[in-house]
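Below are the chains, spelled out letter by letter.
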Amino acid sequence: MLITPATLANILGYSYADLARIFYPSGKRPIYHVFTLPKKAGGVRIISKPSLSVRLVQQRFLLLLSSYFRPSHAAHAYVLGRSILTNAKQHVRKPVLVNIDLENFFGTITFIRVRGLFESPPFNFPKNTAILAAHICCYKNSLPQGAPTSPLISNMICRRIDRQIQQLALQCRARYTRYADDMTISASSNWLSPKIAFYNNEGEAEIGTDLLSIIKSNGFYVNEKKTRISRSGTRQVVTGLKVNERPNIERRRVKEMRLQLKCWSLLGYEAAEHNFLRLHYKKKRATNRDPSFKNVIHGRINYIGLIKGRGNPVYLNLANKYNHLVTPVGGRKLKIEVNVSSTDRLIQSSWFLWDTVDLPGAPDHEIGGSGVYINGAGLVTNAHVLGDKNLYADRFKAFRSGELAAVTFKVIEICQRQLKTDPLGR
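## Some remarks on the sheet that holds strand β3 (residues 96-101)
Hydrogen bonds along the backbone pair up the strands of a sheet, which may run parallel or antiparallel.
Point 1. Overall, antiparallel pairing links the four strands, which are arranged β4-β5-β3-β8 in an open sheet. Every other strand in the sheet has two partners, leaving β4 (174-179) and β8 (228-231) as the edge strands with one partner each. Across this sheet, the average inter-strand angle for adjacent strands is 15 degrees, counted without regard to direction.
Point 2. Of the pairings in the sheet, the one linking β4 to strand β5 (residues 182-187) comprises six bridges and is antiparallel in character. Paired with Arg178 across the strands is Met183, a residue of β5.

## Some details on the pattern of salt bridges
Point 1. Inspection of the entire model under this criterion finds six salt bridges.
Point 2. Between Glu119 and Arg115 there is a salt bridge, with its nearest N and O atoms 3.9 Å apart. Here Arg115 and Glu119 lie together in helix α5 (residues 111-119), a separation of four residues that amounts to about one turn.
Point 3. The network of salt bridges with shared partners includes Arg235, Glu250 and Arg252.

## Points about the packing of helix α12 (residues 293-308) against helix α13 (residues 313-329)
Point 1. Interaxial distance between α12 and α13 falls to 10 Å at its minimum, and their mutual angle equals 160 degrees. What the angle tells us is that α12 and α13 run roughly antiparallel. Between α12 and α13 lies a crossing of left-handed hand. Between α12 and α13, the contacting residues are Lys294, Ile297, His298, Ile301, Asn302, Ile304, Gly305 and Lys308 on the first element and Val314, Tyr315, Leu318, Ala319, Tyr322, Val326 and Val329 on the second.
Point 2. Of the residues contributing to the contact of α12 with α13, the split by class is 10 nonpolar, three polar and two charged.

## Some words on unusual backbone geometry
Point 1. With omega at 5 degrees, the peptide bond leading from Pro121 into Pro122 counts as cis.
Point 2. For Pro122, the location among the structural elements is in the loop between α5 and α6 (127-137).
Point 3. A positive phi is found at Lys140, a non-glycine position, where the angle reads about 55 degrees.
Point 4. Take Lys140: it is sitting in the loop between α6 and α7 (150-157).
Point 5. On the basis of relative accessibility, which here comes to 68%, the residue Lys140 falls in the exposed class.
Point 6. Of note, Asn141 is a non-glycine position whose phi angle comes to about 75 degrees, a positive value.
Point 7. Position of Asn141 relative to the elements: it lies in the loop between α6 and α7.
Point 8. Owing to a relative accessible area of 47%, Asn141 belongs among the partly exposed residues under this scheme.

## Considerations on the nonpolar core
One broad trend across soluble globular proteins is that nonpolar side chains are buried collectively.
Point 1. Membership of the largest hydrophobic core comes to 64 residues, with the highest contact counts inside it found for Phe118 and Ile153.
Point 2. When residues in this core are grouped by element, the largest group, six residues, is from α6.
Point 3. Sequence-distant contacts of Phe118, defined by excluding residues within four places in its chain, comprise Phe61, Leu65, Phe123, Asn124, Phe125, Ala130, Ala133, Ala134, Cys137 and Ile153.
Point 4. Among the nonpolar cores identified, the runner-up in size contains 31 residues, and Ile84, Ala88, Leu261 and Val326 belong to it.

## Structural notes on the confidence of the model for the protein chain
Point 1. For the protein chain, the average pLDDT comes to 85, and 79% of its residues sit at 70 or higher.
Point 2. The least confident element of the protein chain is strand β16 (residues 419-425), whose mean pLDDT is 51; the most confident is β4, at 98.

## Things to note about the packing of aromatic side chains
Point 1. Counted under the stated rule, the structure contains 13 aromatic pairs.
Point 2. On the numbers, 5.7 Å between centres and 20 degrees between planes, the contact of Phe105 with Phe220 is stacked. Of this pair, Phe105 sits in the loop between β3 and α5 while Phe220 sits in the loop between α9 (209-217) and β8, and the two are 115 residues apart along the sequence. Assigned by exposure class, Phe105 and Phe220 land together as buried.
Point 3. Of the aromatic side chains, those joined through ring pairs into one cluster are Phe61, Tyr68, Phe118, Phe123 and Phe125.
Point 4. The residue whose ring lies beneath Arg113 is Phe220, and the NZ or CZ to ring-centre distance is 4.6 Å.

## Observations concerning a negative patch on the surface
Point 1. Taken together, Glu103, Glu202, Glu204, Glu206 and Glu224 make up a surface patch of like negative charges.
Point 2. Assignment of secondary structure puts Glu224 in the loop between α9 and β8.

## Some points on the packing of helix α2 (residues 16-23) against helix α3 (residues 52-66)
Point 1. Put simply, α2 and α3 touch, their axes get as near as 10 Å, and they point 130 degrees apart. Considering the angle they form, α2 stands oblique to α3. Between α2 and α3 the crossing geometry is left-handed. Contact residues: Leu19, Ile22 and Phe23 in α2; Ser53, Val54 and Val57 in α3.

Scoring rules and cut-offs
- Residues numbered from 1 in each chain as written.
- Predicted model: local features only at pLDDT ≥ 70, side-chain atom pairs only at ≥ 80, totals over all residues.
- Heavy atoms only, no water.
- Pairing = 2+ DSSP bridges.
- Helix = DSSP H or I, 4+ residues; strand = E, 2+ residues; numbered from the N terminus.
- Axes fitted to C-alpha atoms, helices over the stretch in contact; angles between N-to-C directions.
- Salt bridge = Lys/Arg side-chain N within 4 Å of Asp/Glu carboxyl O.
- Parallel < 35°, antiparallel > 145°, perpendicular 65-115°, else oblique.
- Left-handed = near helix turned anticlockwise from the far one by under 90°.
- Contact = heavy atoms within 4.5 Å.
- Nonpolar A, V, L, I, M, F, W, Y, C, P; charged D, E, K, R; others polar.
- Buried < 20%, exposed > 50% of the residue type's maximum accessible area, 1.4 Å probe, protein only.
- Core = buried A, V, L, I, M, F, W, Y, C linked by side-chain atoms within 4.5 Å.
- pLDDT = per-residue confidence, 0-100.
- Phe/Tyr/Trp six-rings, centres within 6.5 Å; stacked < 30°, edge-to-face > 60°.
- Lys NZ or Arg CZ within 6 Å of the ring centre and 35° of its normal.
- Patch = residues over 30% accessible without salt bridge, like charges linked within 9 Å, V, L, I, M, F, W, Y side chains within 5 Å.
- Areas by Shrake-Rupley, 256 points an atom, 1.4 Å probe, with all protein chains shown as cover.
- Lys, Arg positive; Asp, Glu negative; His and termini not counted.
- Charge placed at Lys NZ, Arg CZ, Asp CG, Glu CD.

Shown next as structure tokens:
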């Protein structure tokens, strides 16, 4: 089926004339709001936020693109079910780790490259339709950082480079992943192929010729200042997480949260929020309004839970303190997951036998002891609990830990050292 510009517009729920008015506006009406945000390492990040009309079209187009998209195994950013945590897990306890940063990632994905993407399989759009599709996704000749379509388009563009670097890594007995513009390659032995990276004569980390050739041939550039080679005896970090032993966050983040919660508890919400915004929160935002202190704390503790696990004692301690403090001022509470220990599970599955049974040719006989219920086997206990081996009871009652109602068990098998039983019902 030939997808013309009018057909594409119709699929998106617009007429071609409507799309033309939105993306080829007459006059000087801006279709993006451009602002900057400071980077942690210095410099600024340019954010291009689309207008409402542009964003609505892009969101519909994103749904259409998603049906075509199959992410590469290496890509962990902007993919459902993947995250910085899944990315970091690929490089835990590796002898050698290489971190590479792509410079001006979205800016190097140009209008021409996006148009070429739509002219190629699986889209195979004719040139005029590919141009319209590229106009929907691009602003000022490149992917805008801030448009809903940009993350998916970047992963589509990077499928080729991901495949090529994965092949190189496989040849060098290494593993490769990418989180947006952050590339990571780890080796399973102390030897790292010079095709990937090496130390030059000045002792600086340098990208290998083969890897650099792949990156440049795909239209990307390396931020050489951020290239790093780290070994197991040093601090290894992947997308902000330490991976020497397991994916973990820096201790200072946890200490900072404890400090903020203590400040909130001692000084009250308003004073704690003022102190936080004045001393700790220095991000510039798209709006001139300050962020809500409780929302920032909620997000940061939630992040700790994402990395450490919702049942982790550190997260549970912070989450419980936050939930207690946020209740009077109103706000979202953090999810608490009870981590059932193996001891708790054992107690929950424990049964106590205490019954008076009639044994043939003998007076009433009291039995007492304990057992453990195993799915598929019944209640397992020691045979001596029922008394003399010649006078075993054929059934008895038992109580589970924490319950008062009794369950009647029928004896189905007597072993040399244990007795298996089967419940008959309450």
